[in-house]
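Chains, contacts and geometry: an overview
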Amino acid sequence: MPRVSVLVLLLLLAVSGLALAQEPMEGDAPVVFDPVVAPLVQPDVDDFIADPLPDGVEPAALAVSAYTEVTSALSVVSVAPRYRVNEWLQARVRVPWVLQRKFNYFGHEATGSGLGDVSVDLAYRRALDAGRQRLEFMASVKLPTGDDENEDDDGYAVPLGTGTVDLVARGMYARHAQDYGLLASAMFRRNSANDVTVEYPSTVPGEMVRSTTSTTNANQFVGSVFGRYRADAKLWLHLGASITVTGQGKSETETVDPASGTSTSAFDLEQGSTLVDLFPGVSYQLGLFQPYVGARIPVSTSFDNGLLTEDRDTAIVFQVSYNPTRFLAD
């Protein structure tokens, strides 16, 4: 293994130790890269264009990848089997399992684990320049499979999902040469509203007040550029950067009271932020498996809400792809 590759790997292991040693503090910034967004920002190894296949050999129809992310506030693994419908269409299901999620309630550390929000992706790929370039357009639906009302043993909320059906659209460009690969992508996430209704007695005897609160988390835009360089026959060095811009989000409440009629109120959730991150890593080809280890390192953090700390943890990222890419064509 070349000396530069060894140095990069040692650096990543050192960063991993620092991140895992961090402890959450009161006022920590919210988890911005949740199990839905993070695996789409960090490209899968198979998102890069591989070397051309020999004549008479085609990519396999079935493959699977796994994504694991570890910070002091969130540890999650997401398994994503995918099916190649034909040469230009792929379907994928992403199933996240939250190993541990932490929230700090003024000194009380609440933790939870369980199934997160499952997503279903459909991607259209178009090869260009004899397969050396590619365009991809992906649409994704996030389902409310995670328990958004999950609590710890003391009754503190530790949600594992948003309780909403959300939409994600992503466009991606990939370029391949013998010793390098490039990716550029733009992604938009649109969140739907989560409605909660409560009832309580009205001042009118026998009547109830009905109050419905509709909470819509902020929409999100992510732009990213990633590259990889072949350091050895099977070893690749990776480096990427992303910028994430999040809106404000909103909450609207409608209250129907038989005594006073209908009233409404609304306010911003103050979720606005602009984040810049770097993604160094290495991957290695082990037959049908291609493991990757890397990090997401915060470079710049700006929250519109001045009460939030702008300190963010380094995240350690592990990926592995099992892709039986080679089977003989009929």
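This text gives an overview of the structure that appears in the document. (Residues numbered from 1 in each chain as written. Predicted model: local features only at pLDDT ≥ 70, side-chain atom pairs only at ≥ 80, totals over all residues. Heavy atoms only, no water.)

Comments concerning the environment of Asn219
As for its position among the elements, Asn219 is in the loop between β11 (208-216) and β12 (220-230). By relative accessible area, Asn219 is classed as partly exposed at 26%. The sequence separation of Asn219 and Gly272 amounts to 53 residues, and the corresponding C-alpha distance is 9.4 Å. Setting aside chain neighbours within four positions, we find Asn219 in contact with Phe188, Arg189, Arg190, Asn191, Val245, Thr246 and Gly247. (Helix = DSSP H or I, 4+ residues; strand = E, 2+ residues; numbered from the N terminus. Buried < 20%, exposed > 50% of the residue type's maximum accessible area, 1.4 Å probe, protein only. Contact = heavy atoms within 4.5 Å.)

Digging into the pairing of strand β3 (residues 74-86)
Relative to β3, strand β2 (residues 62-70) is paired through nine bridges, and the arrangement is antiparallel. If you follow Leu62 over to β3, its bridge partner there is Tyr83. Turn length for the β2-β3 hairpin, with the two strands adjacent in sequence and antiparallel, is three residues. Pairing geometry for β3 and strand β4 (residues 89-105), over ten bridges, is antiparallel. Bridge assignment links Tyr83 to a residue of β4, and that residue is Ala91. (Pairing = 2+ DSSP bridges.)

What about the pairing of β11?
Sheet analysis places strand β10 (residues 193-201) next to β11, joined by nine bridges and oriented antiparallel. Across the sheet, residue Glu199 finds its bridge partner in β11, namely Arg210. Connecting the antiparallel pair β10 and β11 is a turn made up of six residues, with Gly206 showing a positive phi of about 80 degrees.

A short note on empty space enclosed by the protein
A full pass over the atoms with the stated rule returns three cavities of 30 Å³ or more. Each pocket or cavity is described by its volume, and for the largest cavity that value is around 120 Å³. The wall of the largest cavity is formed by Pro39, Gln42, Asp44, Asp47, Ser65, Ala66, Tyr67, Ser78, Ala80, Arg92, Arg94 and Gln319. At the level of elements, β2, β3 and β4 are the ones that each hand at least two residues to the lining of the largest cavity. No other element matches the three residues that β2 contributes to the lining of the largest cavity. Split into classes, the residues belonging to the lining of the largest cavity amount to four nonpolar, four polar and four charged. By volume, the second largest cavity is sized at about 60 Å³. What lines the second largest cavity is Gln42, Pro43, Asp44, Val45, Phe48, Phe226, Gly227, His238, Leu239, Phe279, Tyr292 and Gln319. (1 Å grid on protein atoms, 1.4 Å probe; cavity = no way out; pocket = protein on both sides within 12 Å on 5 of 7 lines; lining within 4 Å. Points joined across faces, edges and corners; volume = space filled by probe spheres on them. Nonpolar A, V, L, I, M, F, W, Y, C, P; charged D, E, K, R; others polar.)

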